[in-house]
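Understanding the architecture of this molecule
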Amino acid sequence: ALIISKIKKVDLRNTGTKNLGASNTFITFGKGLGVLVGACDIFKCTLVIILVKLIFPDIDYLPYITGIACILGHMFPFYLKFKGGKGFASFVGMTLGINWKFFIIIGICIILITLITKYIVLATMATVISYPVFVAFDTNNWIIVTMVALLSGIIIIKHYKNLIRIAIGEEFKFKI
């Protein structure tokens, strides 16, 4: 989003949802660039997790730590004064890197929720709330579950204003 923002000479942090992310890129520059940014945000997190799994296959918690670090780096980049994206696309990328089956299921749910409601933030909430529950059943490791739940909480907080805008009828509706 930052690169496209610079190329287009429009600072996404000052327009639309005032956020460097796929949704604001979609709103400001259109579907094509929005999808491109979303794909990049998803696959940057997926890639680092796959690399960690290949290099350290026996450390089962390391993909989660790597994914969480990648998402927090996306949300709070030091080189942008800690003002990055809201982390949802990278969060989805973490689910892909860790468990592709959950990714497929939640991907279908994200599409359906967004198509039905026109609000991607509702799909965001469904994803970040359901993933810690899935991780609890998948890993039975409460340290990992707690880390993922804390990350989910941060993402929910980052999307709080979107939820308020839905309540007052001012949230952007996706027209796909």
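Details of the structure are given in the entry above.
First, a word on scope: everything that follows refers to the structure included in this document. (Residues numbered from 1 in each chain as written. Predicted model: local features only at pLDDT ≥ 70, side-chain atom pairs only at ≥ 80, totals over all residues. Heavy atoms only, no water.)

1. Describing the overall build of the chain
Under the convention used in this document: Comment: elements are numbered from the N terminus, with helices defined as DSSP H or I runs of at least four residues and strands as E runs of at least two. Our radius of gyration looks at C-alpha atoms and nothing else; its globule reference is 2.2 Å times the residue count to the power 0.38. Every residue pair with non-hydrogen atoms within 4.5 Å of one another is taken to be in contact. The accessible surface values rely on the Shrake-Rupley method and a 1.4 Å probe; as for residues, cover is taken only from the protein chains in view. We treat Lys and Arg as the positive residues and Asp and Glu as the negative residues; His and chain ends play no part in the count. Where a charge sits is defined by one atom per residue type, namely NZ (Lys), CZ (Arg), CG (Asp) or CD (Glu).
Counting its regular elements, the chain contains nine helices and zero strands. Taken from the N to the C terminus, the helices and strands of the chain come in the order α-α-α-α-α-α-α-α-α. Taking 16 Å as the expected radius of gyration for a compact globule of 176 residues, we find that the chain reaches 16 Å, a close match to that expectation. Expressed as lengths along the three principal axes of its C-alpha atoms, the size of the chain is roughly 45 × 35 × 25 Å. The contacts of the chain with a sequence gap of at least 6 include a subset with a gap of at least 24, amounting to 59%. Roughly 9,700 Å² of accessible area belongs to the chain as shown, and the carbon and sulfur atoms make up 72% of that amount. The averaged location of the 7 negative side-chain charges in the chain is 12 Å from the averaged location of its 18 positive side-chain charges.

2. Looking at the pattern of salt bridges
Formally: Should a side-chain nitrogen of Lys or Arg be within 4 Å of a carboxyl oxygen of Asp or Glu, the pair is scored as a salt bridge. Residue exposure (1.4 Å probe, protein chains only): buried if accessible area is under 20% of the type maximum, exposed if over 50%, otherwise partly exposed.
One pass over the full model with this rule turns up three salt bridges. Between arginine 13 and aspartate 11 there is a salt bridge, and its shortest N-O distance comes to 3.0 Å. Where arginine 165 meets glutamate 171, a salt bridge forms, and the shortest distance between an N and an O atom there is 2.8 Å. What makes arginine 165 partly exposed here is its relative accessible area of 22%.

3. Looking at the packing of helix 7 (residues 120-139) against helix 8 (residues 142-158)
Our working definition: Axes here refer to lines fitted to C-alpha atoms; in helices the fit is confined to the stretch in contact. Angles between the N-to-C directions go from 0 to 180 degrees. To sort the angles, those under 35 degrees are grouped as roughly parallel, those over 145 as roughly antiparallel, those from 65 to 115 as roughly perpendicular, and the leftovers as oblique. Residue polarity follows a fixed list, in which Ala, Val, Leu, Ile, Met, Phe, Trp, Tyr, Cys and Pro are nonpolar, Asp, Glu, Lys and Arg are charged, and the others, Gly among them, are polar.
Look at helix 7 against helix 8: their axes get within 9 Å of each other, and the N-to-C directions meet at 175 degrees. Relative to helix 8, the element helix 7 lies roughly antiparallel. Where helix 7 abuts helix 8, its residues Thr124, Met125, Val128, Ile129, Tyr131, Pro132, Val135, Ala136 and Thr139 lie against Trp142, Ile144, Val145, Val148, Ala149, Ser152, Ile155 and Ile156. In terms of residue class, the contact of helix 7 with helix 8 is built from 14 nonpolar, three polar and no charged.

4. Observations concerning helix 7
Convention followed: An expected span of 1.5 Å times one less than the residue number is assigned to each helix.
The terminal C-alpha atoms of helix 7 lie 28 Å apart, and with 20 residues this matches the ideal 28 Å at 1.5 Å per residue to within 8%. Restricting attention to buried positions, one finds in helix 7 the residues Val121, Ala123, Thr124, Met125, Thr127, Val128, Tyr131, Pro132, Val135 and Ala136. At its buried positions, helix 7 is contacted by helix 4 (62-75), helix 5 (88-98), helix 6 (100-117), helix 8 and helix 9 (160-167). Where helix 7 terminates, the next one or two residues include asparagine 140, which has phi positive at roughly 55 degrees.

5. Regarding the side chain of threonine 124
Mapped onto the secondary structure, threonine 124 falls in helix 7. The contacts of threonine 124, once residues within four sequence positions are left out, are Phe88, Ile155 and His159.

6. Section: the packing of aromatic side chains
Using the following cut-off: Think of it this way: a Phe, Tyr or Trp ring, Trp meaning its six-membered ring, pairs with another when their centres are within 6.5 Å, and the plane angle makes it stacked under 30 degrees, edge-to-face over 60, tilted otherwise.
Summed over the entire model, instances satisfying the criterion amount to seven aromatic pairs. Ring centres of tyrosine 131 and phenylalanine 134 lie 6.1 Å apart, and the angle between their planes is 20 degrees; this geometry places the pair in the stacked category. Of this pair, tyrosine 131 and phenylalanine 134 both sit in helix 7, three residues apart, which is roughly one turn of that helix. When its relative accessible area of 0% is taken as the criterion, tyrosine 131 is described as buried. Judged by its relative accessible area of 24%, phenylalanine 134 falls in the partly exposed class. Through pairs of rings, three or more aromatic residues link up here, namely Phe91, Phe102, Tyr131 and Phe134.

7. Describing a nonpolar patch on the surface
The cut-off we apply is this: Nonpolar side chains (Val, Leu, Ile, Met, Phe, Trp, Tyr) within 5 Å and like charges within 9 Å form the patches, drawn only from residues with over 30% relative accessible area and no salt bridge.
Together, Trp100, Ile104, Ile108, Ile111, Leu112, Leu115 and Ile116 make up an exposed nonpolar region whose accessible area comes to about 740 Å². With respect to the secondary-structure elements, isoleucine 116 resides in helix 6.

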